[in-house]
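Observations on chain architecture
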Amino acid sequence: MPDRLMTNQAKKIELLHAAYAAFNARDIDAALAVMTADVHWPRAFKGGVVHGPESVCAYWMEQWNEINPQVEPVAFHLEEDGQVLVKVHQVVRDLAGAVLADEQVGHRFTLEHGLIQAMEICQLPASGFGT
């Protein structure tokens, strides 16, 4: 594989690692800094989609006032269309610490100019998931 392609893939994975780390640390500024101005983000906790970093911020603040999610990337698969499918281990607790969900889910990212333009929650493939 050409070095340029490997470097591009590594940059995408590095960006997504940073985004997950910022989310889990509740570092909103760092998390929003890796998003485009027109980012599309699912409201997994409430349903629907929000648009733009300010709306993502408001959604996360609302979410974190009700639940405590931690989302750790497990594996990355760079798709042919340039999107990145991330297998994540998601643990959601209530504010008292009781586990509400402990599961693996898929997050598919669209990146534009080195930033996250969109994220969607999706099914993981049954097998053949790369890192």
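Note: the structure precedes this text.
The following paragraphs examine the structure supplied in this document. (Residues numbered from 1 in each chain as written. Predicted model: local features only at pLDDT ≥ 70, side-chain atom pairs only at ≥ 80, totals over all residues. Heavy atoms only, no water.)

1. Some words on the packing of aromatic side chains
Aromatic ring pairs are reported here in terms of the distance separating the ring centres and the angle at which the planes meet. Stated formally: In this scheme Phe, Tyr and Trp rings, the latter by its six-membered ring, pair at centre separations within 6.5 Å, and the angle between planes marks the pair as stacked below 30 degrees, edge-to-face above 60, and tilted otherwise. Here a helix means four or more residues in a row that DSSP labels H or I, a strand means two or more in a row labelled E, and each is numbered from the N terminus. Only protein chains enter the area calculation, which uses a 1.4 Å probe; residues under 20% of their type maximum are buried, those over 50% are exposed, and those in between are partly exposed. Put simply, a charge is over a ring when the Lys NZ or the Arg CZ is close to the ring centre, within 6 Å, and near the line of the ring normal, within 35 degrees.
Going through the model one piece at a time under the given rule, you end up with 6 aromatic pairs. Seen from their ring centres, Phe-23 and Trp-60 are 5.1 Å apart, and the 70 degrees between their planes marks the pair as edge-to-face. Of this pair, Phe-23 sits in helix α1 (residues 3-25) while Trp-60 sits in helix α3 (residues 53-64), placing them 37 residues apart in sequence. For the ring pair Trp-41 and Phe-109, a centre distance of 6.3 Å and an interplane angle of 55 degrees mean the geometry is tilted. Taken as a pair, Trp-41 in strand β1 (residues 35-42) and Phe-109 in strand β5 (residues 99-112) lie far apart in primary sequence, 68 residues in all. With relative accessibility at 10%, the residue Trp-41 sits in the buried group. On the accessibility criterion, Phe-109 (2% relative accessible area) is buried. Taken together, Tyr-20, Phe-23, Trp-41, Trp-60, Trp-64 and Phe-109 form an aromatic cluster joined through their ring pairs. It is Arg-26 that lies over the ring of Phe-23; its NZ or CZ is 5.2 Å from the centre.

2. Structural notes on the pattern of salt bridges
Defined as follows: Any Lys or Arg side-chain nitrogen located within 4 Å of an Asp or Glu carboxyl oxygen qualifies as a salt bridge.
On inspection of all chains with the given rule, the structure shows 4 salt bridges. A salt bridge links Glu-66 to Lys-46; the shortest N-O distance between them is 3.3 Å. Linking Glu-66 in the loop between α3 and β3 (67-78) with Lys-46 in the loop between β1 and β2 (49-51), this pair joins segments that are 20 residues apart in sequence. In this structure Glu-66 comes out as partly exposed when scored by relative accessible area, which is 37%. Owing to a relative accessible area of 39%, Lys-46 belongs among the partly exposed residues under this scheme. Taken together, the shared-partner salt bridges in this structure form one network comprising Arg-43, Lys-46, Glu-62 and Glu-66.

3. Details of the nonpolar core
Applicable threshold: Nonpolar core, defined: a set of buried Ala, Val, Leu, Ile, Met, Phe, Trp, Tyr and Cys residues in which side-chain atoms within 4.5 Å join the residues together. By definition in these notes, contact holds between two residues if any of their heavy atoms fall within 4.5 Å.
Formed by 29 residues in total, the largest nonpolar core has its most connected members in Trp-41, Trp-60, Phe-109 and Ile-116. The dominant element in this core, judged by the number of residues it contributes, is α1, at 7 residues. Residues in contact with Ile-116, not counting those within four places in the same chain, are Leu-15, Leu-16, Ala-19, Val-34, Met-35, Thr-36, Val-39, Trp-41, Phe-109, Thr-110 and Leu-111.

4. Topic: the sheet that holds β3
Counted only if it meets this: Think of it this way: DSSP has to see at least two bridges between two strands before they count as a pair. Axes here mean lines fitted to C-alpha atoms, for a helix over just the part in contact, with angles spanning 0 to 180 degrees between N-to-C directions.
Strand order in the open sheet made by the 6 strands is β2-β1-β6-β5-β4-β3, with mixed pairing throughout. Since the sheet does not close on itself, it has two edges, and those belong to β2 and β3, each with one partner. Between one strand axis and the next, the sheet turns through 20 degrees on average, direction left out of account. Where strand β4 (residues 84-94) and β5 come together, 10 bridges link them in antiparallel fashion.

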